[in-house]
Amino acid sequence: MRKRFPQALCCLVAIAVGLTAEPVQAKSFFTSRRTFGVLFLGGSAFMAKKAVDFRRDANRTYDDYKLARTSDEAERLFDRTGEYDTKSKMSVGLSIVLLASGLRMIMSSGVDEGSAKIRQKKKLNVDMTGDVNKRMVKVAVKRHF
């Protein structure tokens, strides 16, 4: 499993880069979506590395726990092992979220570059009224089409 993880990660990055290849054009390659996509992919790789490190630390701490001589030391090492396991799981989850977001940003980088201008014309109005005596607040969101 340990040998396959870096290989799978490299394959995912290679596929993401391969999918973004376009013919040479006169426009800038670094759009905001591509830049954030690459940043998210880098963050995903970093968090995957941290997850592996936390898992390794948890295993080492658990081995020390099994060799503990006092109950206080054993309890402290067992708690630390649980913390490392939790950090490892959280890092894996965040890595997956960043990977999915990065791939989505890169794959949709050429689609609807001008859609942000269209969305700005459609505005939302937020009306908020309150009554101190009745202890209530009303919030209304109105969208014009």
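Please refer to the structure higher up on the page.
The model shown is predicted, which means the values in this text are computed figures rather than measured ones.

A.B. asks: Looking at this model, I keep getting lost on the pattern of salt bridges. Mind explaining?
C.D. replies: It is possible for side chains of opposite charge to pair when their charged atoms get near one another. All told, the structure shown has five salt bridges when counted by the stated rule. For Lys142, the salt bridge identified is with Asp127, shortest N-O distance 3.3 Å. Placement of Lys142 in strand 2 (residues 136-143) and of Asp127 in strand 1 (residues 124-131) is noted, with a sequence separation of 15 residues between them. For Asp127, a relative accessible area of 34% translates into the label partly exposed.

A.B. asks: Help me out: how do you make sense of a nonpolar patch on the surface in this one?
C.D. replies: Taken together, the side chains of Leu124, Val126, Met128, Val137, Val139 and Val141 define a hydrophobic patch exposed on the protein surface, amounting to about 640 Å² of accessible area. Those elements that place two or more of their residues in the nonpolar patch are strand 1 and strand 2. Residue placement: Val139 occurs in strand 2. Assessed through its relative accessible area of 54%, Val139 is described here as exposed.

A.B. asks: Just checking my understanding: could you explain the packing of helix 2 (residues 32-66) against helix 3 (residues 71-107) for this structure?
C.D. replies: For any two helices packed against each other, one specifies the inter-axial angle together with the distance between the axes. Here helix 2 crosses helix 3 at 160°, and the two axes come no closer than 7 Å. The orientation of helix 2 with respect to helix 3, classified from their angle, is roughly antiparallel. Our pair here, helix 2 against helix 3, has a crossing hand that is left-handed. When its residues are assigned to classes, the contact of helix 2 with helix 3 shows 22 nonpolar, 10 polar and nine charged.

A.B. asks: Mind showing me how you'd approach a negative patch on the surface here?
C.D. replies: On the surface, a cluster of negative charge is made up of Asp72, Glu75, Asp79 and Glu83. Counting through the fold element by element, Asp72 comes out in helix 3. Judged by its relative accessible area of 62%, Asp72 falls in the exposed class.

A.B. asks: Would you mind showing me how to read the pairing of strand 2 here?
C.D. replies: Looking down a regular strand, the side chains alternate between one sheet face and the other. Here strand 2 lies mainly on the outside; zero of its eight residues are buried. Of the strand pairs in this sheet, strand 1 and strand 2 are connected by eight bridges, and their pairing is antiparallel. Looking at strand 2, one finds that Leu124 is bridged to Arg143. The hairpin formed by strand 1 and strand 2 contains four residues between the paired strands, and Arg135 there has a positive phi angle of roughly 55°.

A.B. asks: Just checking my understanding: could you explain the environment of Arg104 for this structure?
C.D. replies: By the element assignment, Arg104 lies in helix 3. Between the C-alpha atom of Arg104 and that of Arg34, which follows or precedes it by 70 residues, the distance is 9.7 Å.

What counts and how
Residues numbered from 1 in each chain as written. Predicted model: local features only at pLDDT ≥ 70, side-chain atom pairs only at ≥ 80, totals over all residues. Heavy atoms only, no water. Salt bridge = Lys/Arg side-chain N within 4 Å of Asp/Glu carboxyl O. Helix = DSSP H or I, 4+ residues; strand = E, 2+ residues; numbered from the N terminus. Buried < 20%, exposed > 50% of the residue type's maximum accessible area, 1.4 Å probe, protein only. Patch = residues over 30% accessible without salt bridge, like charges linked within 9 Å, V, L, I, M, F, W, Y side chains within 5 Å. Areas by Shrake-Rupley, 256 points an atom, 1.4 Å probe, with all protein chains shown as cover. Axes fitted to C-alpha atoms, helices over the stretch in contact; angles between N-to-C directions. Parallel < 35°, antiparallel > 145°, perpendicular 65-115°, else oblique. Left-handed = near helix turned anticlockwise from the far one by under 90°. Nonpolar A, V, L, I, M, F, W, Y, C, P; charged D, E, K, R; others polar. Lys, Arg positive; Asp, Glu negative; His and termini not counted. Charge placed at Lys NZ, Arg CZ, Asp CG, Glu CD. Pairing = 2+ DSSP bridges.

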